[in-house]
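Structural characterization, general
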Amino acid sequence: GRKVIGLDAGIAHLSASDLLKAAHSQSGEQLRTAQQDRLVANQLVLKDALSNWRFPPGTHHILLDAHSVIDNVRVLVDIPVDVIASLSPDRLIFIRENPEIIVERRLSDTRVRPSRTAEELGRHQERSFIVCQMFSKFLDVPLSVVQSGDLAEFRSVLGLKILSQH
């Protein structure tokens, strides 16, 4: 996301994880592995955390990197639509990736994550997409699907001009 959007676009990019870590003074790992009810309750502060975040001057839009389903090690936890509704999104973008590639990325990632097979990650991704479709329908906002790494399509979905790569 960050390499797609230039500062000149007036779009600030941040993650729900960053907002939640700041709001709860906990690590991403502590937040992600919380019991299901606590994990959902933690999400309820996103709106206030977003309102209190200091954005750079010239920010006109916010790109919030968030998940629709979180793997807390024990179960997959759907983020309630009320949490997303409170953020008043004007569009949703679902980033799709081949589960085999996700497995490869996780092997070189330094973050602690549950060990999942490509099949399990595929089911997680499909469930995430279904939940995201439900968000889109409930909130009456468009949903675009972009293949991970397709920077030109991502910029296009955001309505940004395609910049030449040098």
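Going by the structure above, here's the rest.
Summarised in this report is the structure supplied together with it. Worth saying up front: this structure is predicted, and the values here are computed from it rather than measured.

A short note on the overall build of the protein
The secondary structure content of the protein amounts to 8 helices and 6 strands. Reading the secondary structure of the protein in the N-to-C direction produces β-α-α-α-α-β-β-β-α-β-α-α-β-α. Here the C-alpha radius of gyration of the protein, 16 Å, is about what a compact globule of 166 residues would show, namely 15 Å. Dimensions of the protein, computed from the C-alpha atoms along their principal axes, are close to 40 × 35 × 35 Å.

Digging into helix 7 (residues 118-139)
Look at helix 7: 31 Å from first C-alpha to last across 22 residues, which is about the 32 Å you get at 1.5 Å a residue. Of all the positions in helix 7, only A118, L121, H124, Q125, S128, F129, V131, C132, F135 and S136 are classed as buried. Where the residues of helix 7 are buried, they touch strand 3 (69-71), strand 4 (76-78), helix 5 (81-86), strand 5 (92-96), helix 6 (99-108) and strand 6 (143-147). Phi turns positive, to about 55°, at D140, one or two residues after helix 7.

Regarding the nonpolar core
Counting residues in each nonpolar core, the largest one holds 25 residues, and the members touching the most others are L19, L39, L46, I79, L92 and F135. Where this core is concerned, the elements lending two or more residues are helix 1 (16-24), helix 4 (46-52), strand 3, helix 5, strand 5 and helix 7. For this core, the leading source of residues is helix 7, giving 4 residues. In contact with L19, not counting residues within four places along its chain, are L14, L46, A49, L50, W53 and L64. With 7 residues, the next largest nonpolar core counts L63, F154, V157 and L160 among its residues.

A few points about the packing of helix 6 against helix 7
For the pair helix 6 and helix 7, the least separation of the axes is 8 Å and the interaxial angle reads 115°. Considering the angle they form, helix 6 stands roughly perpendicular to helix 7. Considering the relative orientation of helix 6 and helix 7, their crossing is right-handed. Together, P99, E100, I102, V103 and R106 of helix 6 and A118, L121, G122 and Q125 of helix 7 make up the contact between the two elements. Taken together, the residues that form the contact of helix 6 with helix 7 break down as 5 nonpolar, 2 polar and 2 charged.

What to know about the packing of aromatic side chains
Taken as a whole, this structure holds 1 aromatic pair when the rule is applied. Cation over ring: R96 sits above F129, and NZ or CZ is 4.8 Å from the ring centre.

Let's talk about the environment of S27
Secondary-structure assignment places S27 in the loop between helix 1 and helix 2 (28-32). When its relative accessible area of 32% is taken as the criterion, S27 is described as partly exposed. Separated by 15 residues in sequence, S27 and A12 have C-alpha atoms that sit 22 Å apart.

Reading the values: rules and limits
Residues numbered from 1 in each chain as written. Predicted model: local features only at pLDDT ≥ 70, side-chain atom pairs only at ≥ 80, totals over all residues. Heavy atoms only, no water. Helix = DSSP H or I, 4+ residues; strand = E, 2+ residues; numbered from the N terminus. Rg over C-alpha atoms; globule rule 2.2 N^0.38 Å. Expected span 1.5 Å × (residues − 1). Buried < 20%, exposed > 50% of the residue type's maximum accessible area, 1.4 Å probe, protein only. Contact = heavy atoms within 4.5 Å. Core = buried A, V, L, I, M, F, W, Y, C linked by side-chain atoms within 4.5 Å. Axes fitted to C-alpha atoms, helices over the stretch in contact; angles between N-to-C directions. Parallel < 35°, antiparallel > 145°, perpendicular 65-115°, else oblique. Left-handed = near helix turned anticlockwise from the far one by under 90°. Nonpolar A, V, L, I, M, F, W, Y, C, P; charged D, E, K, R; others polar. Phe/Tyr/Trp six-rings, centres within 6.5 Å; stacked < 30°, edge-to-face > 60°. Lys NZ or Arg CZ within 6 Å of the ring centre and 35° of its normal.

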